Amino acid sequence: MLFGLLGDAADPLLEDVAEALGRYGDHAVTRQVEQLAADADAEVARRLGAMRVLVYFRSKPAAATLMSLIETDEDETIVAAAHDALAQLTGITRYGHAVEPWKRWWAEYSQRNDAQWYAHIIRNFEARNRRLREDGRATLARLVETQRQLYRATPPEDRPTALLAMLADPLPALRQLGMDLMLQLRVDGVQIGPEMRLAVIDLLQDEEAAIRTGAAKLLLGLADAPGAAAVARGASNGQGQQS
């Protein structure tokens, strides 16, 4: 039944179908998918669906099928999809749609045994995930700095509204930025209004431990009586839960 959906299902259902078929360990299913992807007489939509299934197999035979497709003179839709599927299957994104790098890679890794092959695939995805984490951290740092600059460019009378938005932001880094800027206001001798103090009190219940700790320190530093009482209640509840 799932196999029959390959050419009919629409995204994101097709991705679910592909993943479900890709989890099959049955050799007959695997071979059927490989044959469909390589069948020049089959409907293009079904072939494209089969290639998406091959991604989830992560196997050397699946890669061999895709390699055979990028070296053909078939329709460019098929060739491009085979390139994309190879990148997803192997975790290698740097080759793009260039055939020669893929051929050199295949000449080396097609000779590896199964253990070596899967070790290679795992290393590729570990490296890719590392790069994604690094890129994510760099992007987040740029976002925080942009928000800091926007805050500095905001007229003083509008800054409380900007700070309240940061303190309620879904991103922990921006909530932290809001508290850092509030601390700077205190250092500069600027009066912290009750609405901002209440927003910081709310952060005592934040899901991030670092945010909760930062909020507690900020409230104690502000010498805010309701805030200090909330910090004390939080500390008391924490001790009660541990005992």
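Below, the structure is looked at part by part. (Residues numbered from 1 in each chain as written. Predicted model: local features only at pLDDT ≥ 70, side-chain atom pairs only at ≥ 80, totals over all residues. Heavy atoms only, no water.)

## Thoughts on the packing of aromatic side chains
Evaluation of the coordinates by the stated rule reveals six aromatic pairs. Residues W105 and W106 carry aromatic rings whose centres are separated by 5.7 Å and whose planes lie at 40 degrees to one another, so their mutual orientation is tilted. A single burial state applies to W105 and to W106, both of which are buried. With 5.7 Å between their ring centres and 55 degrees between their planes, W105 and W117 make a pair best called tilted. Of this pair, W105 sits in helix α6 (residues 99-109) while W117 sits in helix α7 (residues 114-153), placing them 12 residues apart in sequence. Each member of the pair, W105 as well as W117, carries the same accessibility label: buried. Above the plane of the ring of Y151 lies R159, whose end atom (NZ or CZ) is 5.1 Å from the centre. (Phe/Tyr/Trp six-rings, centres within 6.5 Å; stacked < 30°, edge-to-face > 60°. Buried < 20%, exposed > 50% of the residue type's maximum accessible area, 1.4 Å probe, protein only. Helix = DSSP H or I, 4+ residues; strand = E, 2+ residues; numbered from the N terminus. Lys NZ or Arg CZ within 6 Å of the ring centre and 35° of its normal.)

## Re the nonpolar core
Judged by nonpolar contacts, the single largest core of 32 residues is most densely connected at M51, L66, L86, W102, W105 and W117. Leave out the neighbours within four places in its chain, and L66 touches M51, L54, A82, A85, L86 and L89. In terms of nonpolar packing, the next biggest core, distinct from the first, is built from 24 residues, V144, M166, L181 and I192 among them. (Core = buried A, V, L, I, M, F, W, Y, C linked by side-chain atoms within 4.5 Å. Contact = heavy atoms within 4.5 Å.)

## A word on the packing of helix α8 (residues 159-167) against helix α10 (residues 194-202)
Two numbers describe how α8 lies on α10: the axes approach to 10 Å, and their chain directions differ by 10 degrees. It follows from the interaxial angle that α8 and α10 lie roughly parallel. Between α8 and α10, the contacting residues are P160, L163, L164 and L167 on the first element and E195, M196, A199 and V200 on the second. Taken together, the residues of the contact of α8 with α10 break down into seven nonpolar, no polar and one charged. (Axes fitted to C-alpha atoms, helices over the stretch in contact; angles between N-to-C directions. Parallel < 35°, antiparallel > 145°, perpendicular 65-115°, else oblique. Nonpolar A, V, L, I, M, F, W, Y, C, P; charged D, E, K, R; others polar.)

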